[in-house]
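# Descriptive analysis of the structure
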Amino acid sequence: MRFLLDAEQRAFAASLDAMLTSADTPSVVRDWSRGDHTSGRALWSRTAQAGVFALAIPEAYEGVGVLPVELAVAFVELGRHAVPGPLVETVAAAALLTEAADPGPAKRLLPRLASGEAMATLAPSGSHALDGDAADVRLSLTGDGLYLAPGHGPVRPSLDPARRLTHLASGGELLAPRPPFARALLLARLATAAQALGVGFALLDRTVAYVGQRTQFGVPIGSFQAVKHRLADARIALEFARPLLFGAALTMRERDVAAAKVTACEAAYATARTALQLHGAIGYTAEYDLSLWLTKSRALLGAWGSPQQCRADVLSGGGRRS
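Residues numbered from 1 in each chain as written. Predicted model: local features only at pLDDT ≥ 70, side-chain atom pairs only at ≥ 80, totals over all residues. Heavy atoms only, no water.

Judged by nonpolar contacts, the single largest core of 83 residues is most densely connected at Phe75 and Leu245. Sorting elements by how many residues they give to this core places helix H7 (residues 182–213) first, with 12 residues. When sequence neighbours within four positions are dropped, the list of residues in contact with Phe75 reads Val52, Leu87, Val88, Val91, Ala191, Ala194 and Gln195. (Core = buried A, V, L, I, M, F, W, Y, C linked by side-chain atoms within 4.5 Å. Buried < 20%, exposed > 50% of the residue type's maximum accessible area, 1.4 Å probe, protein only. Helix = DSSP H or I, 4+ residues; strand = E, 2+ residues; numbered from the N terminus. Contact = heavy atoms within 4.5 Å.)

Our focus in this paragraph is the confidence of the model for the chain. For the chain, per-residue confidence averages 94 on the pLDDT scale, and 98% of positions sit at 70 or higher. Here strand S7 (residues 215–216) stands out as the element of the chain with the lowest mean pLDDT, 86, in contrast to helix H4 (residues 68–80), whose mean of 98 is the highest. (pLDDT = per-residue confidence, 0-100.)

The next thing to look at is the pattern of salt bridges. Summed over all chains, the structure comprises 13 salt bridges. In this structure, Asp313 engages Arg189 in a salt bridge whose closest nitrogen and oxygen atoms are separated by 2.6 Å. In this pair, Asp313 is assigned in helix H11 (residues 307–315) and Arg189 in helix H7, connecting sequence segments 124 residues apart. Salt bridges here are not isolated pairs; linked through shared partners, they connect Arg235, Glu239 and Arg242. (Salt bridge = Lys/Arg side-chain N within 4 Å of Asp/Glu carboxyl O.)

Another aspect to go through is empty space enclosed by the protein. Using the criterion set out here, one finds one cavity of 30 Å³ or more in the structure. For the largest cavity, the lining is made up of 17 residues, of which Gly85, Glu89, Leu130, Arg163 and Gln195 are closest to its centre. For the lining of the largest cavity, the secondary structure elements donating two or more residues are helix H5 (87–99), H7 and helix H10 (290–302). The biggest single contributor to the lining of the largest cavity is H5, with three residues. Its residues placed into classes, the lining of the largest cavity shows 10 nonpolar, three polar and four charged. (1 Å grid on protein atoms, 1.4 Å probe; cavity = no way out; pocket = protein on both sides within 12 Å on 5 of 7 lines; lining within 4 Å. Points joined across faces, edges and corners; volume = space filled by probe spheres on them. Nonpolar A, V, L, I, M, F, W, Y, C, P; charged D, E, K, R; others polar.)

Here we take up the sheet that holds strand S4 (residues 146–148). Read across the open sheet, the four strands follow the order S1-S3-S4-S6; overall the sheet is mixed. The sheet terminates laterally at strand S1 (120–124) and strand S6 (173–176), the two strands that pair on one side only. Adjacent strand axes in the sheet meet at a mean angle of 30° when their direction is disregarded. Packed on one face of the sheet, H5 meets S1, strand S3 (137–141), S4 and S6 and runs near 75° to S1. Sheet strands in contact with helix H6 (residues 104–115) are S1, S3, S4 and S6, and its direction is about 90° off that of S6. (Pairing = 2+ DSSP bridges. Axes fitted to C-alpha atoms, helices over the stretch in contact; angles between N-to-C directions.)

Of all 13 residues in H10, 10 are buried; the element is thus mostly enclosed. Along H10, the residues that are buried comprise Leu290, Ser291, Leu292, Trp293, Leu294, Lys296, Ser297, Ala299, Leu300 and Leu301. In the stretch just after H10, Trp304 is the one whose phi turns positive, near 60°.

The subject of this paragraph is the layout of surface pockets. Within this model, the largest pocket holds a volume of roughly 390 Å³. Lining the largest pocket are 16 residues, with Glu89, His128, Arg163, Ala303 and Trp304 positioned closest to its centre. Looking at the lining of the largest pocket, the elements that each hand over two or more residues are S1 and strand S2 (128–130). It is S1 that provides the largest number of residues to the lining of the largest pocket, a total of three residues. Across the lining of the largest pocket, the residue classes break down as 11 nonpolar, three polar and two charged. Residue lining of the second largest pocket: 14 residues in total, with Leu159, Leu276, Leu294, Thr295 and Arg298 positioned closest to the centre. Ranked by residues supplied to the lining of the second largest pocket, first place goes to H10 with five residues. Of the residues belonging to the lining of the second largest pocket, the class tally is seven nonpolar, five polar and two charged.

Take a look at the structure:
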């Protein structure tokens, strides 16, 4: 079976790619890593205006309906350009608020998320939340329910400097007692898989360009058979993950999404290792843009479910559609 995007979906991807290319995202990422959110918030607003967050929000709350395939298309481009911020967390937060029995918090918060006026982060109580210092809506999930956290703790360093981690303050407004979490987890894993796939393709494209320019023995290193084999392996892994991603977006079954998540994230991480090896010492330097994607590929590998957890979900045969 072939999963091909239709003309409208391809145009959506192309428009996002053009917008993000013009935004100079490496500079935005470096600002964000330093705690300067000005350029990141401007890019967040433009991303929302392009309709990205509305894809995870029902029409009743000023979204366009939950459209998993289009959401995957968007997150591939967000990953390709290493856009910073709690992107996946905002999608998961929207799903949790939508599933809550009381529609009041959804009516109050979801239109702000859809428009880009606010960004959300989400974490189980006691765990680190992503970008809690930048988020306007901080959701803490406890055994009792979903709370709107009143603040956050100190920012802690992360493997990916653009993923700033904080603990959320306890207490706050109870938004929903024990809301269903399955749908939020599915959408979070799908978006993470798509983001990782975009990261992988960005790493591959940059590495292909680099080996065509770097020379040894008077010829580009990209002409060496061993280099070609490494790049071909990376391409095959990423292309194998692509139909799994869009197939999962169509079915939204637990095992399909888990399979897409582990396959896309591992393909991106393997591509990162190849990219680092073929770039040599320059690939290790934080000043070189490649590092922005290298660190993100490793962080996404364990986000919203480790490879072991996702494999367990696939092997358990969880075929429930959410």
